[in-house]
Amino acid sequence: DQQVKQNSPSLSVQEGRISILNCDYTNSMFDYFLWYKKYPAEGPTFLISISSIKDKNEDGRFTVFLNKSAKHLSLHIVPSQPGDSAVYFCAASAWNRDDKIIFGKGTRLHILP
Amino acid sequence: DAGVIQSPRHEVTEMGQEVTLRCKPISGHNSLFWYRQTMMRGLELLIYFNNNVPIDDSGMPEDRFSAKMPNASFSTLKIQPSEPRDSAVYFCASTKDRGSEAFFGQGTRLTVV
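These remarks concern the structure in this document. (Residues numbered from 1 in each chain as written. Chains lettered and ligands numbered in written order. Predicted model: local features only at pLDDT ≥ 70, side-chain atom pairs only at ≥ 80, totals over all residues. Heavy atoms only, no water.)

**Thoughts on the state of the cysteines**
Residues and elements named next belong to chain A.
In step 1: One pass over the full model with this rule turns up two disulfides over all chains.
In step 2: Between Cys23 and Cys90 runs a disulfide, and the two sulfur atoms are separated by 2.0 Å. Here Cys23 and Cys90 share a disulfide; its torsion about the S-S bond, -75 degrees, makes the bridge left-handed. With a gap of 67 residues between them, Cys23 in strand β3 (residues 19–25) and Cys90 in strand β9 (residues 86–93) connect regions that are remote in the sequence. (Disulfide = S-S within 2.5 Å. Helix = DSSP H or I, 4+ residues; strand = E, 2+ residues; numbered from the N terminus.)

Spelled out as structure tokens, the structure:
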């Protein structure tokens with residue numbers, strides 16, 4: 001049973017436009033959420049995170065929004081650049097309880113020239 | 001710091017053989033995770049250790065899989081006997097504290113023929 005769901009396997013966005021990647025979770029114990037970026041033949045690298053006490057966190061071109069009532073979070077990338085083409089993983093943790101970090105299946109983002 | 005180091009990067013083995021994957025976490029990190037990446041399941045958490053002690057191995061698929069962490073700087077994931085369906089990329093990751101992001105190694109691509 002997937003506790004972290006990324007329902008879009010892939011997404012194509014024009015360079016310069018906004019990319020929006022979505023993620024849903026089922027476990028109400030999750031209190032910390034992370035986004036990772038992965039290039040081929042490399043390990044995932046941390047991108048941005050958000051605590052459940054916030055509803056928005058911004059870092060440069062990347063913003064994560066959290067809607068706790070809907071158990072939904074999204075990653076916005078604006079403007080999208082060619083180097084953003086990668087697989088993006090949403091992850092969640094119940095750090096009030098343990099150290100486990102649960103990942104979704106990932107969304108492959110293609111930035112079109 | 002060199003980051004999380006995994007070896008080998010690639011492993012090709014015949015069905016029925018024993019396979020051992022190795023991981024050196026970042027020095028000073030207290031938790032270590034083993035993940036498996038497949039197209040169908042994304043990044044699955046197999047097992048994690050805290051201060052060298054296995055905390056949760058509920059993601060280990062079968063008794064053929066075992067993991068050890070004899071000291072703070074080394075962990076192994078063993079598959080015996082290996083099967084073709086074990087073919088995947090296996091990642092090791094470590095975290096410093098609860099509430100901090102996980103750093104991943106570059107992964108081991110395992111092919112069982």
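**Side note on the sheet that holds strand β3 (residues 19–24) of chain B**
All names here are of chain B.
In step 1: Reading across from one edge, β1-β3-β8-β7 is the order of the four strands in this open sheet, with antiparallel pairing throughout. Two strands lie at the open edges of the sheet, namely β1 (5–7) and β7 (65–71), each paired on one side alone. Geometrically, the sheet is characterised by an average inter-axis angle of 15 degrees between neighbouring strands, direction not taken into account.
In step 2: One ladder, built from five bridges, connects β3 with strand β8 (residues 74–79); its direction is antiparallel. Paired with Leu21 across the two strands is Leu77, which belongs to β8. (Pairing = 2+ DSSP bridges. Axes fitted to C-alpha atoms, helices over the stretch in contact; angles between N-to-C directions.)

**Thoughts on the nonpolar core**
In step 1: Grouped together as the largest cluster of nonpolar side chains are 43 residues, with contacts concentrated most on Trp35(A), Leu73(A), Leu75(A), Tyr88(A), Ile101(A), Phe103(A) and Tyr35(B).
In step 2: Ignoring sequence-local partners within four residues, the contact set of Tyr35(B) consists of Ile101(A), Phe103(A), Leu43(B), Glu44(B), Leu45(B), Leu46(B), Val89(B), Tyr90(B), Phe91(B), Ala93(B) and Phe104(B).
In step 3: Core analysis: the next-biggest nonpolar cluster, separate from the first, contains 21 residues, Ile26(B), Leu32(B), Ile79(B) and Cys92(B) among them. (Core = buried A, V, L, I, M, F, W, Y, C linked by side-chain atoms within 4.5 Å. Buried < 20%, exposed > 50% of the residue type's maximum accessible area, 1.4 Å probe, protein only. Contact = heavy atoms within 4.5 Å.)

**Some words on the sheet that holds strand β7 (residues 62–67) of chain A**
All names here are of chain A.
In step 1: Reading across from one edge, β1-β3-β8-β7-β6 is the order of the five strands in this open sheet, with antiparallel pairing throughout. At either margin of the open sheet sits one strand with a lone partner, and together these are β1 (4–5) and β6 (56–59).
In step 2: As judged from the two bridges shared by β1 and β3, these two strands associate in the antiparallel manner. What sits directly across from Lys5, in β3, is Asp24.

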